[in-house]
Amino acid sequence: MSTATTTASGPSARTATARHPHDDAPDSATDFARLAALEEGPERDAVRDELTKAWLPMAHRIAGRFRDRGENIEDLRQVAAVGLVKAIDRFDPSRGAFESYAVPTITGEVKRHFRDRMWALRVPRRVQELRNKVRIARRDLTMNPGTPEPTTAEIAAHAGLTEDEVGAGMEAMESFSTLSLDAELSSADDNYSLADTLGDLDSSYDMVVDREAAKEGLRRLPERERNILYMRFFEDMTQNRIADQLGISQMHVSRLITRSCARVRDEALGAQARPGRGNADGGTGAA
């Protein structure tokens, strides 16, 4: 379907003389009645195409209402044309004038385009509606040249919203577009991007959390097990050296370290003690 053609021949040519209140709304009741009576085929497709061409200026007018909202006007016209085709296909001539059915259908199609395609960040439908109310209220309050920017309270009063709702709507207005992380924030020689200003995750925070979670379990260990863990992990002593210092075997030290760590880990994670664990010495008795 070409959107450049605005004149019609055939069925719609004879409707060009009769007009509704809008100049771009031709009187095409006869053609719609004919379309409804035709079966699928080339003749019906021809009538449908002519009706589309005849009503395309109205679709373009509706698309023009949404200019200056961050979308190219030609793209908006294409979306409106899609809405027009849907309106023609669904219209029942026995239910009234086509214009009264087509206008909300086309408008809804354009609004859905903004709702589904234009938001850089996905926000709830309710917040999108707040954004529209805030935008309209700001436009009304700044209509006269030289009018200062309205306050949140003034916008809330004009739109019938709370100040918190106005705040949510204002934030949503920034969600229509985003700034690339590669965007340069400085024009100097040492220019840097937005990504350069963002901090990295600090692994030390996780270590602090882990240590705090393990403290209580370490306190509950027998003194010898605490000493073994301290010598192994804080003084970096080998298991053989620990065994020589305590007068026990290296295998015994290995079992004590493994079971002590498992006990502390279970308590830190809030897990129940494993069944059949035995005493802290692994059931082998004191050395």
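Look above for the structure.
Not measured: the values here are computed from a predicted model.

A. Examining the overall build of the protein more closely. Helix and strand counts for the protein come out as 11 helices and zero strands. The buried share of the protein, reckoned over its 287 residues, is 32%. Considering only contacts in the protein between residues 6 or more positions apart, those separated by 24 or more positions represent 54%. With the model as given, the accessible surface of the protein reaches about 18300 Å², and the carbon-plus-sulfur share is 49%.

B. How the structure looks around the packing of helix α9 (residues 223–233) against helix α10 (residues 239–246). In contact at an axis separation of 10 Å, α9 and α10 are set at 140° when each is read in the N-to-C sense. Relative to α10, the element α9 lies oblique. When the axes of α9 and α10 are compared, the crossing they make is right-handed. On the side of α9, the interface is formed by R224, I228, M231 and R232, while α10 contributes Q239, I242, Q245 and L246. Broken down by class, the residue content of the contact of α9 with α10 amounts to four nonpolar, two polar and two charged.

C. Seen up close, the environment of E71. Looking at the element boundaries, E71 is found in the loop between α2 (42–64) and α3 (73–90). The class for E71 is buried, based on a relative accessible area of 17%. Spatially, the C-alpha atom of E71 lies 10.0 Å from that of H113, the residues being 42 residues apart in sequence.

D. View of the packing of helix α8 (residues 203–220) against helix α11 (residues 250–268). It is at 8 Å that the axes of α8 and α11 come closest, and there the two elements cross at 130°. It follows from the interaxial angle that α8 and α11 lie oblique. You can see that α8 and α11 cross each other, and the crossing is right-handed. Contact residues: A213, A214, E216, G217, L218 and R220 in α8; R263, V264, E267 and A268 in α11. Tallied by class, residues from the contact of α8 with α11 come to five nonpolar, one polar and four charged.

E. Looking closely at the layout of surface pockets. Taken as a whole, the largest pocket holds about 630 Å³ of empty space. Taken together, 17 residues form the lining of the largest pocket, with A214, L218, L229, F234 and V264 sitting closest to its centre. Of the residues contributing to the lining of the largest pocket, the split by class is 11 nonpolar, no polar and six charged.

F. Focus on the side chain of R131. Position of R131 relative to the elements: it lies in helix α5 (residues 125–141). Under the relative-accessibility criterion, R131 is labelled buried at 7%. Side-chain polar atoms of R131 contact the side chain of N132, separated by 3.0 Å.

G. Expanded view of α8. Relative to the 26 Å expected for 18 residues at 1.5 Å per residue, α8 spans 27 Å between its end C-alpha atoms, a close match to the ideal helical length. Roughly 35° is the biggest bend found in α8, and it falls at A214.

H. Just the packing of aromatic side chains, in detail. Enumeration over the complete set of coordinates arrives at six aromatic pairs. Between W55 and F98, the ring centres sit 4.8 Å apart and the planes meet at 70°, which makes this aromatic pair edge-to-face. Of the two residues, W55 sits in helix α2 while F98 sits in helix α4 (residues 98–117), which places them 43 residues apart along the sequence. The same class applies to W55 as to F98, namely buried. Ring geometry for Y230 versus F234: centroids 5.4 Å apart, planes at 15°, classification stacked. The class for F234 is exposed, based on a relative accessible area of 61%. Taking the ring centre of F233 as reference, the NZ or CZ of R232 above it sits at 5.9 Å.

I. Seen up close, the environment of T52. Secondary-structure assignment places T52 in helix α2. Residues T52 and A81, 29 residues apart in the sequence, show an inter-C-alpha distance of 8.2 Å.

J. Spatial organisation of the environment of Q128. Among the structural elements, Q128 can be located in helix α5. By relative accessible area, which is 6% here, Q128 ends up buried. Considered as a pair, Q128 and G169 are 41 residues apart in the sequence and their alpha carbons are 7.2 Å apart.

K. Representation of the pattern of salt bridges in the model. This structure, assessed with the given rule, holds 16 salt bridges. Among the salt bridges present, the one from R34 reaches E43, with a minimum N-O distance of 2.9 Å. Taking the relative accessible area as the measure of exposure, E43 reaches 45% and is therefore partly exposed. Several salt bridges share partner residues, and in doing so they unite E216, R219, R220, R263 and E267 into one network.

Cut-off values and rules
Residues numbered from 1 in each chain as written. Predicted model: local features only at pLDDT ≥ 70, side-chain atom pairs only at ≥ 80, totals over all residues. Heavy atoms only, no water. Helix = DSSP H or I, 4+ residues; strand = E, 2+ residues; numbered from the N terminus. Buried < 20%, exposed > 50% of the residue type's maximum accessible area, 1.4 Å probe, protein only. Contact = heavy atoms within 4.5 Å. Areas by Shrake-Rupley, 256 points an atom, 1.4 Å probe, with all protein chains shown as cover. Axes fitted to C-alpha atoms, helices over the stretch in contact; angles between N-to-C directions. Parallel < 35°, antiparallel > 145°, perpendicular 65-115°, else oblique. Left-handed = near helix turned anticlockwise from the far one by under 90°. Nonpolar A, V, L, I, M, F, W, Y, C, P; charged D, E, K, R; others polar. 1 Å grid on protein atoms, 1.4 Å probe; cavity = no way out; pocket = protein on both sides within 12 Å on 5 of 7 lines; lining within 4 Å. Points joined across faces, edges and corners; volume = space filled by probe spheres on them. Polar contact = N/O pair within 3.5 Å; in protein donor to acceptor, adjacent residues only side chain to side chain. Expected span 1.5 Å × (residues − 1). Bend = angle between axes of the 7 residues up to and from the residue. Phe/Tyr/Trp six-rings, centres within 6.5 Å; stacked < 30°, edge-to-face > 60°. Lys NZ or Arg CZ within 6 Å of the ring centre and 35° of its normal. Salt bridge = Lys/Arg side-chain N within 4 Å of Asp/Glu carboxyl O.

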